[in-house]
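# Descriptive structure summary
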Amino acid sequence: MASAAGSTAAVPFWRAAGMTYISYSNICASLVRSCLKEPHKTEALNREKVHFAVSKWADGKAEKPTLRSDTPGE
Amino acid sequence: MAMAALRREGRRFAPLMSHNPINAVRSSLISEELAPQGARSISTQVVRNRMKSVKNIQKITKAMKMVAASKLRAIQTRAENSRGLWQPFSALLGDTPSVDVKKNVIVTVSSDKGLCGGINSTSVKISRALHKLNAGPEKEAKYVVVGEKAKAQLIRDSRKDIELSITELQKNPLNYTQVAVLADDILKNVEYDALRIVFNKFHSVVQYYPTIATVLSPEVVEREAESGGKLGELDSYEIEGGETKAEVLQNLTEFQFGCVLYNAILENATSEQGARMSAMDSSSRNAGDMLDRLTLTYNRTRQASITTELIEIISGASALEG
């Protein structure tokens, strides 16, 4: 077990890989959703659709928006 | 308004007799407006056209109201159910809008579509007030704008302070995965000590409350925990699983942000539908009032033209006899 002494504690593998807790739990959730049987599976996969356009701003100017339109399952 | 219309039509004859060229132009303009080319008597065409377009507008706004009502019903239950997601977090970590931090990020939630009354303006007004409150010598405040309408308003005077802008969020029905990906993007791209989410909390169809929800970063939570209060009681909780308190705090604050943002977006969408319903309702009522007034004008104009024709016929006939 890693010691709980400050910053020398071993972070979980997903935090070390750069994921936030939110993305980690999302991946777990999509794994659970893909374990379902039909017809619940298609209903659940409908709840996973992602679509939005995000654009970073630098100095008062918007850069080209990146479309985050994932198919379900991130 | 009816009298003014009659006066305008009566004036049509007078300038035709003057020799002033300006008046002649004006008279032709007036007669163009009141009657189509070549009409011999007072025409009700213009009023009839206006009545037809107002009636169409009334139908359209009534239909939009029905659509908004049905959408409202669907999304209201989801918003109320999502309230249970962040309530444990508020119980655990508290919601302290008065916290004083260096890096504030104001997340303004608004709609993409218009015709929804004043909700977007109130959100932007509150965001601006927050920004003023939190911009000082050492502090700074940046915007993350969700939705087209707030972006359009904030561009006007706060261009430099916008970090991210997100649009097209409501293309698919709102779900947690979408908001989670969005929250992930925000967390990865923006440095923050405190996130202040500005949205409109849904209360009833005609009533919504502009709300600010504050989510702190783990470091600030640690700092506030030392000064006591709700956060100071965090140490009395047992942590399972061999993780450190810092790790747990980090996971908790990230998840808190995701849940609070999900609820905020749902509540704002519900308030948007409610505001649209009442806006379209008042719009169709106004159109109905306008239609009543136009009908009165129309009838008066029609009766006046009939009377004029009768007078002409009778005077012509009596001239022949006499």
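The structure this text deals with has already been given above.
Below or above, wherever it landed, is the structure these notes cover. (Residues numbered from 1 in each chain as written. Chains lettered and ligands numbered in written order. Predicted model: local features only at pLDDT ≥ 70, side-chain atom pairs only at ≥ 80, totals over all residues. Heavy atoms only, no water.)

### Topic: the nonpolar core
Residue and element names in this part refer to chain B.
- Within the largest apolar cluster, 50 residues are counted, with the highest numbers of intra-cluster contacts made by Ile 166, Ile 197, Phe 257 and Leu 261.
- With near-sequence residues (within four places) excluded, Ile 197 lies in contact with Val 107, Val 109, Thr 211, Ile 212, Ala 213, Phe 257, Val 260, Leu 261 and Ala 264.
- In terms of nonpolar packing, the next biggest core, distinct from the first, is built from 11 residues, Leu 130, Tyr 143, Val 145 and Ala 150 among them. (Core = buried A, V, L, I, M, F, W, Y, C linked by side-chain atoms within 4.5 Å. Buried < 20%, exposed > 50% of the residue type's maximum accessible area, 1.4 Å probe, protein only. Contact = heavy atoms within 4.5 Å.)

### Quick look at the layout of surface pockets
All names here are of chain B.
- Considering only enclosed or pocket space, the largest pocket measures out at about 470 Å³ in volume.
- Along the wall of the largest pocket there are 17 residues; nearest its centre are Lys 71, Lys 113, Gln 170, Glu 272 and Gln 273.
- Looking at the lining of the largest pocket, the elements with two or more residues in it are helix H4 (45-93) and helix H9 (245-321).
- No other element matches the seven residues that H4 contributes to the lining of the largest pocket. (1 Å grid on protein atoms, 1.4 Å probe; cavity = no way out; pocket = protein on both sides within 12 Å on 5 of 7 lines; lining within 4 Å. Points joined across faces, edges and corners; volume = space filled by probe spheres on them. Helix = DSSP H or I, 4+ residues; strand = E, 2+ residues; numbered from the N terminus.)

### Quick word on the environment of A:Thr66
All names here are of chain A.
- Assignment of secondary structure puts Thr 66 in strand E3 (residues 66-68).
- On a C-alpha basis, the gap between Thr 66 and Ser 25 in space is 23 Å, while along the polypeptide they are 41 residues apart.
- Among all residues touching Thr 66, those that are not within four sequence positions of it are Phe 52, Ala 53 and Val 54.

### Quick notes on the interface of chain B and chain A
- Of the residues lining the interface, 35 residues belong to chain B; the matching set on chain A comes to 34 residues.
- Carbon and sulfur atoms supply 54% of the area that chain B and chain A bury against each other, a total of about 2900 Å² over both sides.
- The three residues of chain B that bury the most area against chain A are B:Thr177, B:Val181 and B:Glu254, which together make up 16% of that side's buried surface.
- Where chain B meets chain A, there are one salt bridge.
- The salt bridge involving B:Glu254 is made with A:Arg15; its shortest N-O contact spans 2.8 Å.
- At the junction of chain B with chain A, the criterion picks out 12 residue pairs in polar contact (both at pLDDT 80 or more). (Buried area = accessible area lost by both parts, 1.4 Å probe. Salt bridge = Lys/Arg side-chain N within 4 Å of Asp/Glu carboxyl O. Polar contact = N/O pair within 3.5 Å; in protein donor to acceptor, adjacent residues only side chain to side chain.)

### A few points about helix H2 (residues 21-34) of chain A
- With 14 residues, H2(A) should reach 20 Å at 1.5 Å per residue; the first-to-last C-alpha distance of 20 Å fits that figure.
- Buried within H2(A) we find A:Ile22, A:Ser23, A:Asn26, A:Ser30 and A:Arg33. Taken around the axis of H2(A), the buried residues stretch over an arc of 90°, which confines them to a single face. Exposed positions of H2(A) whose direction lies more than 90 degrees from the buried face are A:Leu31 and A:Val32.
- Turning to H2(A), the residues buried within the fold contact helix H3 (40-46) of chain A together with helix H7 (176-189) and H9 of chain B. (Expected span 1.5 Å × (residues − 1). Arc of directions from axis to C-beta.)

### As for the pairing of strand E3 (residues 162-167) of chain B
- For E3(B), the tally of buried residues reaches five of six residues, placing the bulk of the element in the interior.
- One ladder, built from four bridges, connects strand E1 (residues 52-58) of chain A with E3(B); its direction is antiparallel. From the neighbouring strand, A:Val54 faces E3(B), where its bridge partner is B:Ile166.
- Here four bridges tie strand E2 (residues 140-146) of chain B to E3(B), and the two strands are oriented parallel to one another. (Pairing = 2+ DSSP bridges.)

### Let's talk about the packing of aromatic side chains
- Counted according to the given criterion, the structure contains seven aromatic pairs over all chains.
- Taken together, the ring pairs in this structure connect A:Phe13, A:Trp14, A:Tyr21, A:Tyr24, B:Phe89 and B:Phe255 into an aromatic cluster. (Phe/Tyr/Trp six-rings, centres within 6.5 Å; stacked < 30°, edge-to-face > 60°.)

### A word on a nonpolar patch on the surface
- The grouping of B:Ile306, B:Leu310, B:Ile313 and B:Ile314 at the surface amounts to a nonpolar patch, some 400 Å² of accessible area in total.
- Along the polypeptide, B:Ile314 turns up in helix H9. (Patch = residues over 30% accessible without salt bridge, like charges linked within 9 Å, V, L, I, M, F, W, Y side chains within 5 Å. Areas by Shrake-Rupley, 256 points an atom, 1.4 Å probe, with all protein chains shown as cover.)

### Considerations on the environment of B:Met280
Residues and elements named next belong to chain B.
- The residue Met 280 is located in helix H9 in this model.
- Sequence separation of Met 280 and Thr 307 is 27 residues, and the distance between their C-alpha atoms is 40 Å.
- If we skip the residues at most four places from it in the chain, Met 280 touches Thr 61, Met 64, Lys 65 and Leu 115.

### Considerations on empty space enclosed by the protein
All names here are of chain B.
- Enumeration according to the criterion identifies two cavities of 30 Å³ or more in this entry.
- Looking at the lining of the largest cavity element by element, the count peaks at four residues for H9.
- Looking at the lining of the largest cavity, its residues break down into six nonpolar, five polar and two charged.
- Roughly 30 Å³ of internal volume is contained in the second largest cavity.
- Leu 93, Gly 94, Thr 214, Val 215, Leu 216, Val 221 and Gln 256 are the residues that line the second largest cavity.
- Sort the elements by how many residues they give to the lining of the second largest cavity and strand E5 (residues 208-216) lands first, with three residues.
- Residues that form the lining of the second largest cavity fall into these classes: four nonpolar, three polar and no charged. (Nonpolar A, V, L, I, M, F, W, Y, C, P; charged D, E, K, R; others polar.)

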